[in-house]
Amino acid sequence: TMAVARVNSRALTSWVGIARLFAVVLSCLTFSLVASTGNFRGPSGTWCMFTWCFCFIVTLLVLLLELLELYPMLPLSWDDFTSAFSMLAVLMVFTSSVVFPASFISSPCSSNECARQAVATTTSCLCFLAYAVEVGLTRAKPGDISSFLSTVPGLLKVFEAYVACLIFSLLDEYNKEPGLMWCVAVYSICFIFTLLIIIFTIGRCLAYIPCPLDKVLVGYNFLALLMYITATVIWPLYSFQGRSRPNSCGRNCSWDKHLGITFLTIFNLIAYLVDLVYSSRMVFIRTP
């Protein structure tokens, strides 16, 4: 017997549905405006266009699957998937909202093309707010762990994986120093394990692991925190010791990339610390 699709109007009329509708319209408007200028070449422009198109397509699919109530047929944890995607969309659209104007809008902004780029930047920022509202609305209430990726530790897992991806995109000239190679190993190991946790959670595979998972996650967060502490100290030590910023440092300057990695490492260190605190409270401090 074939499943009959029913129409669930609450998928569009609930606050979460309204936030998703805004995100669909704003992301569509953003990439349409940028496409109309024809000026989005290079890695930065390609990344921004991919972000807006990707978020538009996935959010539209989420709306359709919830509207027709087809998502229970999918072999995954729907709440975990939508929570992880909305958090990822927040991070991707925020990055694009910063990178696009920095890369393409020049001062003074007087041409028609520049005006469209400015409007696209504004709609991208509003799209970021729409996804942020969705994350706020779907975030699990204290004590509710039915959907792990909607809890604070779950959302932080997405943040940690995304920041690691940003670090990988900036990696340049690290093969000559053992200390920098250790830092790259830290970023890679933590990224792989965090990504596996996200994938296993969405795929409902964590239940098959024969050990107390919540305590394993606390132990992993503690080890990841220790590893990131070493990277936070070693990366700037090996990158900048006896090296000042070159006068001829352009847009793709290695010195600037290493500085960006330093700040991103600190961001992930803070994320793993908060993750450890929250996950420890969820495991060891039970609310009645």
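In the annotation of an unreviewed UniProt entry, the chain is listed under the name MYADM protein and assigned to Pachyramphus minor.

Visitor: What am I meant to see in a nonpolar patch on the surface here?
Guide: A contiguous nonpolar surface patch, about 720 Å² in accessible area, is contributed by L259, F263, I266, F267, I270, L273, V274, V277 and Y278. With respect to the secondary-structure elements, I266 resides in helix α9 (residues 254-284). Owing to a relative accessible area of 30%, I266 belongs among the partly exposed residues under this scheme.

Visitor: What is the right way to read unusual backbone geometry from this model?
Guide: Leaving glycine out, the prevailing phi sign among residues is negative, and the prevailing peptide bond configuration is trans. Phi angles above zero are rare outside glycine, and E69 is one such case at about 55°. Inspection of the secondary structure assignment puts E69 in the loop between α3 (42-67) and α4 (78-104).

Visitor: What exactly am I supposed to notice about the nonpolar core here?
Guide: For soluble globular proteins, nonpolar side chains are generally found buried alongside one another. Counting 54 residues, the largest nonpolar core has Y131, I167, Y187, C190, Y228, W235 and Y272 as the members making the most contacts within it. Those elements that place two or more of their residues in this core are α2 (15-37), α3, α4, α5 (112-138), α6 (152-170), α7 (178-202), α8 (213-240) and α9. Among the elements that line this core, the one with the most residues is α7, at 10 residues. Residue contributions to this core reach at least three from each of two domains, namely domain 1 (1-147) and domain 2 (151-287). Apart from residues no more than four positions distant in its own chain, Y272 is found in contact with E160, C190, T194, Y220, N221, A224, L225 and Y228.

Visitor: I tried to follow the environment of T46 on my own but got confused; where do I start?
Guide: Counting through the fold element by element, T46 comes out in helix α3. Overall, T46 belongs to the partly exposed group, its relative accessible area being 48%. As a C-alpha pair, T46 and F100 span 54 residues in sequence and 9.9 Å in three-dimensional space.

Visitor: What should I look at first to understand the side chain of H258 in this one?
Guide: The residue H258 is located in helix α9 in this model. Judged by relative accessible area, H258 falls into the buried class, the value being 3%. A distance of 2.7 Å separates the side chain of H258 from the backbone oxygen of D172, its partner in a polar contact. Aside from chain neighbours lying at most four places away, what touches H258 is D172, E173, L180, W235, S239 and F240.

Visitor: So what exactly am I meant to see when it comes to the layout of surface pockets here?
Guide: With a probe scaled to a water molecule rolled over the atoms, the places where space remains empty come into view. A volume near 1,200 Å³ is recorded for the largest pocket. Taken together, 31 residues form the lining of the largest pocket, with S44, T95, V99, S169 and L170 sitting closest to its centre. Put simply, the parts of the chain that give the lining of the largest pocket at least two residues each are α3, α4, α6 and α9. If one sorts the elements of the lining of the largest pocket by residue count, α4 sits on top with eight residues. Of the domains in this structure, domain 1 (1-147) and domain 2 (151-287) are the two that each give at least three residues to the lining of the largest pocket.

Visitor: Please explain the UniProt feature "transmembrane region" (unreviewed entry) in the chain as it appears in this structure.
Guide: When the UniProt feature table is mapped onto this chain, "transmembrane region" (unreviewed entry) is found at residues 12-35, 47-65, 85-105, 117-133, 145-168, 180-202, 217-238 and 259-278. Helix makes up 100% of residues 217-238 and strand 0%, with an end-to-end C-alpha separation of 31 Å.

Visitor: For this particular structure, what's the right way to read the packing of α3 against α4?
Guide: Packed helices, taken two at a time, are described by the angle their axes make and the gap between the axes. As a packed pair, α3 and α4 sit with axes 9 Å apart at the nearest point and diverge in direction by 150°. On the basis of their axis angle, the class for α3 and α4 is roughly antiparallel. You can see that α3 and α4 cross each other, and the crossing is left-handed. Residue composition of the contact of α3 with α4, by class: 19 nonpolar, eight polar and one charged.

About the criteria used
- Residues numbered from 1 in each chain as written.
- Predicted model: local features only at pLDDT ≥ 70, side-chain atom pairs only at ≥ 80, totals over all residues.
- Heavy atoms only, no water.
- Patch = residues over 30% accessible without salt bridge, like charges linked within 9 Å, V, L, I, M, F, W, Y side chains within 5 Å.
- Areas by Shrake-Rupley, 256 points an atom, 1.4 Å probe, with all protein chains shown as cover.
- Salt bridge = Lys/Arg side-chain N within 4 Å of Asp/Glu carboxyl O.
- Helix = DSSP H or I, 4+ residues; strand = E, 2+ residues; numbered from the N terminus.
- Buried < 20%, exposed > 50% of the residue type's maximum accessible area, 1.4 Å probe, protein only.
- Core = buried A, V, L, I, M, F, W, Y, C linked by side-chain atoms within 4.5 Å.
- Domains from an automatic or database assignment.
- Contact = heavy atoms within 4.5 Å.
- Polar contact = N/O pair within 3.5 Å; in protein donor to acceptor, adjacent residues only side chain to side chain.
- 1 Å grid on protein atoms, 1.4 Å probe; cavity = no way out; pocket = protein on both sides within 12 Å on 5 of 7 lines; lining within 4 Å.
- Points joined across faces, edges and corners; volume = space filled by probe spheres on them.
- UniProt positions renumbered as here; feature names shortened; annotations may be inferred.
- Axes fitted to C-alpha atoms, helices over the stretch in contact; angles between N-to-C directions.
- Parallel < 35°, antiparallel > 145°, perpendicular 65-115°, else oblique.
- Left-handed = near helix turned anticlockwise from the far one by under 90°.
- Nonpolar A, V, L, I, M, F, W, Y, C, P; charged D, E, K, R; others polar.

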